[in-house]
Amino acid sequence: MVVVQAREWGGVKWQTPRDHHGVMDPNRQIIVALDCDNRPAAQSVVDRLGDECRFYKVGLEVLTAVGSQFVEHLVTQGNEVFLDLKLFEIPNSVAGAVRAAGALGVSMVTVHSMGGTGIMAAAVDAARDYPDLRVLALTVVTSMTDSDLADIGVAGPTGSQVLRLAGLARRAGCHGVIASPQEVSALRSALGGDALIVTPGVALPGESAAEHARPGTPRAAVADGASHVVVGRTVTGAPDPLFALRRVRANLSAS
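Residues numbered from 1 in each chain as written. Predicted model: local features only at pLDDT ≥ 70, side-chain atom pairs only at ≥ 80, totals over all residues. Heavy atoms only, no water.

Peer 1: Explain the layout of surface pockets to me, please; I cannot follow it from the model alone.
Peer 2: One way to see where empty space is left: roll a probe the size of a water molecule over the atoms. Size it by volume and the largest pocket reaches roughly 680 Å³. Lining of the largest pocket is provided by 33 residues; of these, Asp35, Pro200, Glu211, His212 and Arg233 occupy positions nearest its centre. Those elements giving two or more residues to the lining of the largest pocket turn out to be α3 (60–66), β5 (80–87), β10 (228–231) and α11 (233–236). Here the lining of the largest pocket is composed, by residue class, of 16 nonpolar, nine polar and eight charged. (1 Å grid on protein atoms, 1.4 Å probe; cavity = no way out; pocket = protein on both sides within 12 Å on 5 of 7 lines; lining within 4 Å. Points joined across faces, edges and corners; volume = space filled by probe spheres on them. Helix = DSSP H or I, 4+ residues; strand = E, 2+ residues; numbered from the N terminus. Nonpolar A, V, L, I, M, F, W, Y, C, P; charged D, E, K, R; others polar.)

Structure, rendered in structure tokens:
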């Protein structure tokens, strides 16, 4: 049995599914990233995972290669979709893109917090007509380091920048944030228990973190307070994606 608990953060409501004990359902916390360059490859992953995965991330690669029809197909099949657009444009354009995402029926869409409060607020306002759409603010991309921030004129460590941007996102009314596993604990302390914190950059123990500069395990991210974890090649690049997904789920649930 899954119980849906409604909470509020930044003036807008979001919902997170929990079991009858009030514990977050691990099957709904794992988002599989379909980072594919063609529809057959993406559909193959979905088919092989079957009913054991109901939440997928569609990013710029697959959206550009395949188109929005695939997003609609995923939603029609009963899946939730995290549309990772990282919107960073003038407010009017961001609002239009968010409305288009809402019309597709997706559950999450991302806006870049470095665009400032005006852009994030425009995204949140555009999402109001779509009650199931959550606007998440990307803080600092998981591949970036302190030196990368210095290159673009941002002083101070990555963790401080993540917290600063998360504060802007909260004031703009976003439903939550995107950050690496290494910032989750500080974010949860700063934002309280109601914010969605979605973490890319997770890998199983012993696996390569690939290009992610600030990685962590699924279990550590959730233990620190992440609401969702995003896994990509750990699952999609595995010889048996379903077995790999089950390993992620087992790590997530480990005591």
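Picking up where we left off.
Peer 1: So what exactly am I meant to see when it comes to helix α5 (residues 91–104) here?
Peer 2: The α-helix winds at 3.6 residues per turn, so residues separated by three or four positions along the chain end up facing the same way. Counted at 1.5 Å a residue, the expected span for α5 with its 14 residues is 20 Å, and the 20 Å between its end C-alpha atoms agrees. By the burial criterion, the buried members of α5 are Val94, Ala95, Val98, Ala101, Gly102 and Leu104. Where the residues of α5 are buried, they touch α4 (68–76), β5, β6 (108–112) and α6 (117–127). (Expected span 1.5 Å × (residues − 1). Buried < 20%, exposed > 50% of the residue type's maximum accessible area, 1.4 Å probe, protein only. Contact = heavy atoms within 4.5 Å.)

Peer 1: Even after reading the chapter, I still don't get the side chain of glutamine 29, so can you show me in this structure?
Peer 2: Structurally, glutamine 29 is set in helix α1 (residues 26–29). From its side chain, glutamine 29 meets the backbone oxygen of serine 227 in a polar contact 3.3 Å long. (Polar contact = N/O pair within 3.5 Å; in protein donor to acceptor, adjacent residues only side chain to side chain.)

Peer 1: Mind showing me how you'd approach the environment of glutamine 43 here?
Peer 2: Looking at the secondary structure, you find glutamine 43 in helix α2 (residues 39–49). Apart from the residues lying within four places of it in its own chain, the contact partners of glutamine 43 are Phe70 and His73.

Peer 1: What should I look at first to understand the pairing of β10 in this one?
Peer 2: Within a regular strand, the side chains alternate between the two sheet faces. Across the two faces of β10 the burial is the same, with His228 and Val230 and Val229 and Val231 all buried. By the bridge criterion, three bridges tie strand β3 (residues 30–33) to β10 in an arrangement that is parallel. Opposite isoleucine 30, over in β10, you have valine 229 as the bridge partner. (Pairing = 2+ DSSP bridges.)

Peer 1: In this structure, what is going on with the packing of α6 against helix α8 (residues 158–172)? I would like to understand it.
Peer 2: The geometry of a pair of packed helices is captured by two quantities: the angle between their axes and the separation between those axes. Look at α6 against α8: their axes get within 9 Å of each other, and the N-to-C directions meet at 45°. Here α8 runs oblique to α6, going by the angle between their axes. With respect to the hand of their crossing, α6 and α8 are arranged in right-handed fashion. From α6, Thr117, Met120, Ala121 and Val124 reach across to α8, where they touch Leu168, Ala169 and Ala172. In terms of residue class, the contact of α6 with α8 is made up of six nonpolar, one polar and no charged. (Axes fitted to C-alpha atoms, helices over the stretch in contact; angles between N-to-C directions. Parallel < 35°, antiparallel > 145°, perpendicular 65-115°, else oblique. Left-handed = near helix turned anticlockwise from the far one by under 90°.)

Peer 1: Can you walk me through the pattern of salt bridges in this structure?
Peer 2: For side chains bearing opposite charge, pairing can occur when the charged atoms are close. Tallied over the full model, the rule gives 10 salt bridges. Residue arginine 54 pairs with aspartate 51 through a salt bridge whose shortest N-O separation is 2.6 Å. Look at aspartate 51 and you get exposed, because its relative accessible area is 64%. Across the salt bridge formed by glutamate 52 and arginine 249, the nearest N and O atoms sit 2.7 Å from each other. Here glutamate 52 is found in the loop between α2 and β4 (55–58), whereas its partner arginine 249 is found in helix α12 (residues 241–253), with 197 residues between them in sequence. The exposure class assigned to glutamate 52 is partly exposed, which follows from its relative accessible area of 26%. Residue class for arginine 249 comes out buried when judged on its relative accessible area of 18%. Taken together, the shared-partner salt bridges in this structure form one network comprising Asp35, Lys57, Asp84 and Lys86. (Salt bridge = Lys/Arg side-chain N within 4 Å of Asp/Glu carboxyl O.)

Peer 1: Got a minute to help me understand the sheet that holds strand β8 (residues 176–178) in this structure?
Peer 2: Picture the strands of a sheet paired through backbone hydrogen bonds; they go either parallel or antiparallel. Read once around its circumference, the closed barrel built from eight strands follows the order β3-β4-β5-β6-β7-β8-β9-β10, with strand pairing classed as parallel. Across the sheet, the mean angle from the axis of one strand to that of its neighbour is 25°, orientation sign disregarded. Note: β6 against strand β7 (residues 134–138), five bridges, orientation parallel. Within β7, the residue paired with threonine 110 across the bridge is leucine 136. Of the strands in this sheet, β5 and β6 are in contact with α5, which crosses β5 at around 170°.

Peer 1: How do you make sense of the environment of alanine 121 when you look at a structure like this?
Peer 2: Here alanine 121 shows up in helix α6. Once the C-alpha coordinates of alanine 121 and arginine 171 are considered, the two residues, 50 residues apart in sequence, prove to be 8.5 Å apart.

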